[in-house]
Amino acid sequence: MGADPAVQGNPWDEWDRAPTAPAARAASLAGYGYRLVGWLIDWVLTGVLGFGLAAILGQAHSSSTRVSSGLNFTLNSSLYVVTVPGVLVVVAVVLAYCSVLIGLWGSTLGMRTVGVRCTHEDATRRDEPGVGVGRALGRSAFEYLLFFFVFFPWVLDMLWPAWDRAHQTLHDKVARTVVVHREG
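Description of the structure in this document. This structure is a prediction, so every number in the text was calculated from the model and none was measured.

1. Concerning a nonpolar patch on the surface
Inference 1: Among the surface-exposed residues, L36, L40, W43, V44 and V48 lie close enough to one another that they form a single nonpolar patch of about 480 Å² accessible area.
Inference 2: For V48, the location among the structural elements is in helix α3 (residues 32–56).

Here it is as structure tokens:
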């Protein structure tokens, strides 16, 4: 006899439960340290690529200010200015980088460096090399929407794997993905 749907557990309990799919059980879940180091590598790489492209397109430039006083005191200040279109260029680079690499191959260069990859929670899709460009784009877009529009939830998203049993970020939970250690 089936369980009464009205008596079943709170749907939010799903967010706190480690995935039970064989995909998650077969490969060990990547811990917070691996995820953080991989993310930092990708952050530096995409920052250099994105801001470099914005500069090439004339949407980012250096600005300096010099303030002098009559007491032989001079203050030089340099600032890197990025226009709104330049920020959009950087966001496009990040989204393309994450979507294509995770979507097709399951890992970014940072993830590959630390030996982890992104996979489906669904066991029947365990052997696919990536999670699909659409799912990867949704995963990345959710992360960057949090960053640009509501900064505190983005920080929470980045810290979430530290206490989550499946070491998932909120954007992993939305996309139904897990990050695991690569085999081989």
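2. Some points on the packing of aromatic side chains
Inference 1: Throughout the structure, instances matching the rule amount to eight aromatic pairs.
Inference 2: Consider the rings of Y144 and F147, whose centres lie 6.4 Å apart with planes at 70°: the pair is edge-to-face. Of this pair, Y144 and F147 both sit in helix α6 (residues 133–149), separated by three residues, roughly a single helical turn.
Inference 3: Under the relative-accessibility criterion, Y144 is labelled buried at 15%.
Inference 4: Taking relative accessible area as the criterion, F147 reaches 29% and is therefore assigned partly exposed.
Inference 5: Summarising the aromatic geometry, the rings of F147 and W154 are spaced 4.7 Å apart at their centres and angled 70° between planes, so their arrangement reads as edge-to-face.
Inference 6: Connected via pairs of aromatic rings, a cluster forms that spans W39, W43, Y144, F147, F148, F151 and W154.

3. Let's talk about the pattern of salt bridges
Inference 1: Tallied over the full model, the rule gives four salt bridges.
Inference 2: Put simply, E121 and R176 hold a salt bridge, and the shortest N to O gap is 3.3 Å. Note that E121 is positioned in the loop between β3 (116–120) and α6 and R176 in the loop between α8 (170–175) and β4 (177–181), a separation of 55 residues in sequence.
Inference 3: Taking relative accessible area as the criterion, E121 reaches 12% and is therefore assigned buried.
Inference 4: Note that R139 and D172 form a salt bridge whose closest N and O atoms lie 2.8 Å from each other. On the criterion of sequence distance, the pair formed by R139 in helix α6 and D172 in helix α8 is long-range, its members being 33 residues apart. Side by side, R139 and D172 carry an identical accessibility label, which is buried.

Analysis parameters
- Residues numbered from 1 in each chain as written.
- Predicted model: local features only at pLDDT ≥ 70, side-chain atom pairs only at ≥ 80, totals over all residues.
- Heavy atoms only, no water.
- Patch = residues over 30% accessible without salt bridge, like charges linked within 9 Å, V, L, I, M, F, W, Y side chains within 5 Å.
- Areas by Shrake-Rupley, 256 points an atom, 1.4 Å probe, with all protein chains shown as cover.
- Salt bridge = Lys/Arg side-chain N within 4 Å of Asp/Glu carboxyl O.
- Helix = DSSP H or I, 4+ residues; strand = E, 2+ residues; numbered from the N terminus.
- Phe/Tyr/Trp six-rings, centres within 6.5 Å; stacked < 30°, edge-to-face > 60°.
- Buried < 20%, exposed > 50% of the residue type's maximum accessible area, 1.4 Å probe, protein only.

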